[in-house]
Structures are given as C-alpha cells and as structure tokens.
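The lines below spell out each chain.
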Amino acid sequence: MSTPVMEPEKRNRFTLPSFGVQVLLGLVLGVALGLVARSMGADSVDTSTGEVDPNWLTETLATVGGTFVTLLRAVVPPLVFLAIVASIANLRDVTGAARLAWRTLAWFAITALIAVVIGIVLGLVLQPGDHTSVTSDAASAPSTTGSWLDFLTGLVPANVLGLEGSASDDGSVGLSFNVLQILVVSIAVGIATLKVGDAAEPFLAFVRSTLAVVQKVLWWIILLAPIATVGLLGNAVASYGWDALGSLGMFTVAIYAGLALVIAGVYPALLRLHGLSVRQFFSGAWPAISLAFVSRSSVGTMPLTESVTERNLGVPRSYASFAVPLGATTKMDGCASIYPAISAIFVAQFFGLDLSVTDYVLIAFVSVIGSAATAGVTGATVMLTLTLSTLGLPLEGVGLLLAIDPILDMGRTAVNVTGQALVPTIVAKREGILDQEAYDAPRGRSVWREEAARTEDSARAAA
C-alpha cells in the first residue's frame with residue numbers, strides 16, 4: 001500500500017499592492033498627515049518679516065516631496081534630448097512618418113481647441129472673478145513671465161545643452177534648464193542624424209544605450225512616487241489648508257470642472273468615435289495618470305506614459321517613441337488650455353475689465369499655438385502670463401492665484417498626460433497601425449514587472 005505524498009506547505013508570501021493602489025494609499029496618508037501638521041501650527045513666526053517657521057512634520061513632508069521633484073528635474077535634460085533624438089531616428093522605419101507627425105500635431109491642436117472652448121464657457125458661466133473673497137492685497141506680478149518675444153527668442157538655445165547658470169548671494173552658481181531649448185536642439189540633432197545616414201549609426205547606438213541607462217535611473221526614481229505622494233500632498237494641505245481654497249472656491253471649482261469635462265467627457269467621446277473602449281484606455285493609462293497627478297511633471301512621467309501607450313494601448317513603439325516625448329513638451333490641455341482660459345477671465349472679472357469677442361479668440365489662439373511655452377516640467381505660470389500679456393490684462397493678477405497653484409497643478413498635469421497618451425492612440429487607430437489585441441487585453445500584468453523583465457532580458461542578451 002503506497003503512502004500518499006504530501007505536498008509541501010505553501011509559504012505565505014507578502015506581495016505589495018499594485019502601483020496605483022500604493023499611490024492612492026499615499027494620497028490618503030498625505031491628506032491625513034497634512035491635516036495633522038496644519039493642526040500643530042507653526043513653530044514660530046518672525047513678527048518683523050512675517051516669515052513662518054514650519055513645524056517638524058510640515059518640514060519633513062516638504063523635504064520628502066521636494067526631494068522627489070528635484071530628482072525628477074535632474075534627469076529631465078538628458079531624458080528629453082536622448083528620447084527626442086532616438087524617436088526621430090526611429091521614424092525612418094515608419095511608413096508615412098511625415099503624415100503621422102502632421103496628424104499628431106493636428107490632433108494636439110484639435111483637442112487643445114476643444115479644451116480652451118470649455119474653459120472659456122465655464123469662465124463665463126461660473127464667473128469666478130466675481131465670486132471670490134481674495135483681496136487685491138494678494139495681487140503681485142510673478143517673477144517669471146512670458147511674452148511672444150520671449151517665447152520666440154527662447155527658442156534659440158544659449159548652448160548645446162540648453163542650460164542656464166545664475167549666481168546666488170553666497171557666491172555659488174546654480175544651473176537651470178529650458179526644456180523648449182533642449183527640444184529645439186534635440187530635433188535639430190535628430191534630423192541631422194537622418195541626413196547623415198550610415199555614418200551616424202555609432203552615434204545613434206550611443207544615444208539608444210545612454211537612453212536605456214537614463215530611463216532605468218528614472219524608473220528607480222518613479223518607484224519612490226507613493227512615498228513622495230505623502231510628502232507632496234501632505235505639504236500642500238499643511239501649507240495651504242482649506243483657507244486658500246475657500247477664498248478662491250469658485251475658481252477652483254471652475255478649473256476642476258473644466259478638467260473633469262475634458263478627461264471624463266471629451267476624451268471618452270473621442271475614443272467612442274473611433275470605436276475604442278473607454279474602460280480599456282483608462283485602465284491601461286492609469287499608471288501614468290496617477291504618477292502625473294502626484295509628480296506634477298509631464299516630462300518626469302514621460303517614460304511611463306510611453307510604456308503604457310506602447311504596451312497597454314497597442315501603439316507601435318516606433319511611433320510612440322516619437323509622439324509621447326513630443327506631447328510631453330507641447331501637449332498641455334490642462335496647463336495651456338483650461339487653466340489660462342479660466343484664469344484670464346478670472347483676472348478680467350476681478351479687475352472689472354470687459355473682454356471682447358476678439359479677446360476670446362486670442363485666448364484660443366494662444367492656447368493652441370503657444371502651448372509649447374509651458375515646457376512640460378511643472379507649473380503653468382509662463383503660459384498664463386503669456387495669455388494675460390497678449391490680452392493686455394494686468395500681470396499682477398497672477399499673484400491672486402499662486403496660493404492654490406500646487407493643488408490645481410495636480411489635476412492639470414493628470415489631464416495633460418491623459419491627452420499625451422490619447423492622441424497617439426487615436427492617430428494609430430486612424431492609420432490602421434494600432435495593435436487592437438494589445439489594447440483589448442486584460443490588465444492583469446503590472447507595467448513595473450514587465451519593465452523589470454524587459455531590462456533583465458536586455459541584460460542577458462547583451463551578455
């Protein structure tokens with residue numbers, strides 16, 4: 001008589017929740033810690049200058065969130081340059097590359113125009129400038145402004161890397177970058193590699209190899225996003241609380257109503273129009289949308305946006321590697337359409353100035369043509385000042401809105417990134433190159449595990 005073989009006892013393995021769940025948990029914990037930090041009050045206030053010394057919890061939250069944003073910004077210059085050069089080089093393998101490029105830009109403009117019209121209508125209906133308790137004492141011109149002359153001259157790179165240096169009072173020199181200038185340099189280099197031909201192959205091999213290394217470093221940074229969520233949102237709640245939102249309540253409602261109409265109304269309508277499942281799109285793009293909301297950086301989210309666009313939404317890699325980086329620097333339905341439209345109307349109403357039909361046409365024009373001025377990192381102050389200066393509205397109105405800008409920027413960036421994934425998907429569908437099977441596939445696998453597996457496979461192949 002045989003003895004039955006007993007199966008070894010299965011070990012209970014602890015598995016982390018998905019990235020999206022981690023971010024949601026970070027949002028909840030961030031709000032909770034932010035409320036606790038705000039209830040603790042400031043450690044001290046300098047009566048002579050009015051400067052507030054935040055408590056230890058607020059300082060910790062600010063440090064955690066600020067470190068994450070600093071890390072993202074550190075990899076932006078090489079990431080943009082390498083991604084654009086590589087993507088332009090990839091276009092030579094795409095049939096009808098010029099047509100794809102123009103149709104991508106056309107859909108960028110179409111969706112931007114729809115978004116800005118929604119913003120104008122909401123501004124006129126809700127009249128946020130007439131329903132606010134903020135006082136004129138808060139009005140102040142921003143330190144960074146935008147004008148058409150600055151925009152055009154800003155296209156000319158100061159140097160190959162698009163870096164700018166500035167000396168501080170202590171004698172140290174700080175470096176900053178202009179994403180728009182880096183974009184111009186990258187496009188020029190990418191086109192040059194196509195013209196050079198076979199002689200550029202060693203350079204392209206170096207670019208692709210370096211891009212893989214930079215993207216791997218960025219993946220490590222992105223993995224910190226759930227922790228950074230706690231710091232970023234917690235600091236926003238602790239620093240601004242509900243007081244600022246209360247004084248600009250109708251303006252906040254107008255902005256988020258516009259963002260909601262675009263992301264939950266316009267985008268689904270376009271998807272249905274092209275026979276695509278709305279649920280599949282948002283479930284596939286969710287990792288990038290959630291990271292965009294937390295990081296407030298379209299460029300920082302770009303590798304994840306490209307990954308989900310390619311693997312979850314079925315857009316060919318050769319096309320996605322061009323369209324997504326381009327969109328990350330120029331496609332801004334939240335920052336460059338909804339926000340400046342409602343903000344310009346708010347400023348005009350606050351200062352008692354009337355806008356004509358021509359002014360509304362100018363708002364739409366600036367939003368569609370000048371969206372590249374936002375340059376895809378964080379914030380939309382440059383785009384707003386460009387709109388206000390074009391309309392002849394007082395730039396001091398920007399100071400009225402800065403108090404709640406971080407809170408608004410989360411929603412704006414989420415809409416930006418959603419549009420950056422949507423347009424390549426629509427264009428690929430219209431051109432007949434969309435992998436419908438990949439688009440309709442179940443979303444059981446994690447994009448993070450797939451990325452790790454692909455990196456390991458590449459390493460083994462190289463060995």
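All figures in this text were calculated on a predicted structure; none of them were measured in a lab.

Caption draft 1: Local environment of helix α12 (residues 317-330). For α12, with 14 residues, the first-to-last C-alpha span of 20 Å sits near the 20 Å given by 1.5 Å per residue. The element α12 is extensively covered by neighbouring structure, given that 12 of its 14 residues are classed as buried. Within α12, the full set of buried residues consists of Tyr319, Ala320, Ser321, Phe322, Ala323, Val324, Pro325, Leu326, Gly327, Ala328, Thr329 and Thr330.

Caption draft 2: Layout of a nonpolar patch on the surface. On the surface, Val64, Leu71, Leu224 and Ile227 cluster together to form a nonpolar patch covering roughly 300 Å² of accessible area. Structurally, valine 64 is set in helix α2 (residues 56-90). Judged by its relative accessible area of 32%, valine 64 is partly exposed.

Caption draft 3: Fine view of the packing of aromatic side chains. By the definition in use, this model includes five aromatic pairs. With centroids separated by 5.1 Å and ring planes inclined at 85°, the aromatic side chains of phenylalanine 281 and phenylalanine 282 adopt a geometry described as edge-to-face. Classification of phenylalanine 281 as buried rests on a relative accessible area of 0%. Both rings, one in phenylalanine 350 and one in phenylalanine 351, keep their centres 5.2 Å apart while their planes meet at 80°; by these two values the pair is edge-to-face. With a relative accessible area of 33%, phenylalanine 351 lands in the partly exposed category. Through a chain of ring-to-ring contacts, the aromatic side chains of Phe251, Tyr339, Phe346, Phe350 and Phe351 assemble into a single cluster. The ring of tyrosine 339 has arginine 412 sitting right over it, with the charged end atom 4.1 Å from the ring centre.

Caption draft 4: Representation of the pattern of salt bridges within the structure. Tallying each qualifying case throughout the model produces six salt bridges. Across the pair lysine 331 and aspartate 333 runs a salt bridge, and its minimum N-O distance is 2.8 Å. Taken together, the shared-partner salt bridges connect Arg99, Arg103 and Glu431 into one network.

Caption draft 5: Local environment of the side chain of threonine 229. Mapped onto the fold, threonine 229 is located in helix α7 (residues 225-240). Engagement of the side chain of threonine 229 in a polar contact is seen with the backbone oxygen of alanine 225, the distance being 2.7 Å. If we ignore the near neighbours within four places in the chain, the residues touching threonine 229 are Val23, Gly26, Leu27, Gly234 and Val294.

Caption draft 6: Representation of the nonpolar core within the structure. Phe251, Phe281, Ile363, Leu393 and Leu401 are the most contacted members of the largest nonpolar core, which totals 65 residues. The dominant element in this core, judged by the number of residues it contributes, is helix α3 (residues 97-126), at 10 residues. Val23, Ala86, Ala89 and Ala292 belong to the second-largest nonpolar core, a separate cluster that totals 31 residues.

Caption draft 7: Local environment of the packing of α3 against helix α14 (residues 357-369). Where α3 contacts α14, the two axes come as close as 9 Å, and the packing angle between them is 140°. The handedness of the crossing between α3 and α14 is right-handed. Counted together, Ala109, Ala112, Leu113, Val116, Ile120 and Leu124 of α3 and Tyr360, Ile363, Ala364, Ser367 and Val368 of α14 form the full contact between these two elements. In terms of residue class, the contact of α3 with α14 is built from 10 nonpolar, one polar and no charged.

Caption draft 8: Fine view of the UniProt feature "transmembrane region" (unreviewed entry) in the protein chain. Those residues carrying the UniProt feature "transmembrane region" (unreviewed entry) are residues 21-41, 61-85, 105-126, 175-196, 217-242, 248-270, 336-355 and 361-386 in this numbering. Along residues 105-126 the backbone is 100% helical and 0% strand, and the end-to-end C-alpha distance reaches 31 Å. In residues 336-355, the share of helix is 75% and the share of strand is 0%. The end C-alpha atoms are 19 Å apart.

Caption draft 9: Quick peek at unusual backbone geometry. The backbone of glutamine 127 sits at a positive phi, close to 45°, despite the residue not being glycine. Tracing the backbone shows glutamine 127 in the loop between α3 and α4 (148-153).

Caption draft 10: Region of interest: helix α6 (residues 201-222). Between its first and last C-alpha atoms α6 spans 31 Å; for 22 residues at 1.5 Å apiece the expected length is 32 Å, and the two agree. Of all the residues in α6, the buried ones are Leu204, Val207, Leu211, Val214, Gln215, Lys216, Leu218, Trp219, Ile221 and Ile222.

Caption draft 11: Highlighting the side chain of aspartate 333. Inspection of the secondary structure puts aspartate 333 in the loop between α12 and α13 (334-350). At a separation of 2.5 Å, a polar atom in the side chain of aspartate 333 contacts the side chain of tyrosine 267. Once residues lying within four places of it in the same chain are set aside, the contact partners of aspartate 333 are Thr111, Ala112, Ala115, Tyr267, Ile338, Val415 and Asn416.

Thresholds, definitions, all that
Residues numbered from 1 in each chain as written. Predicted model: local features only at pLDDT ≥ 70, side-chain atom pairs only at ≥ 80, totals over all residues. Heavy atoms only, no water. Helix = DSSP H or I, 4+ residues; strand = E, 2+ residues; numbered from the N terminus. Expected span 1.5 Å × (residues − 1). Buried < 20%, exposed > 50% of the residue type's maximum accessible area, 1.4 Å probe, protein only. Patch = residues over 30% accessible without salt bridge, like charges linked within 9 Å, V, L, I, M, F, W, Y side chains within 5 Å. Areas by Shrake-Rupley, 256 points an atom, 1.4 Å probe, with all protein chains shown as cover. Salt bridge = Lys/Arg side-chain N within 4 Å of Asp/Glu carboxyl O. Phe/Tyr/Trp six-rings, centres within 6.5 Å; stacked < 30°, edge-to-face > 60°. Lys NZ or Arg CZ within 6 Å of the ring centre and 35° of its normal. Polar contact = N/O pair within 3.5 Å; in protein donor to acceptor, adjacent residues only side chain to side chain. Contact = heavy atoms within 4.5 Å. Core = buried A, V, L, I, M, F, W, Y, C linked by side-chain atoms within 4.5 Å. Axes fitted to C-alpha atoms, helices over the stretch in contact; angles between N-to-C directions. Left-handed = near helix turned anticlockwise from the far one by under 90°. Nonpolar A, V, L, I, M, F, W, Y, C, P; charged D, E, K, R; others polar. UniProt positions renumbered as here; feature names shortened; annotations may be inferred.

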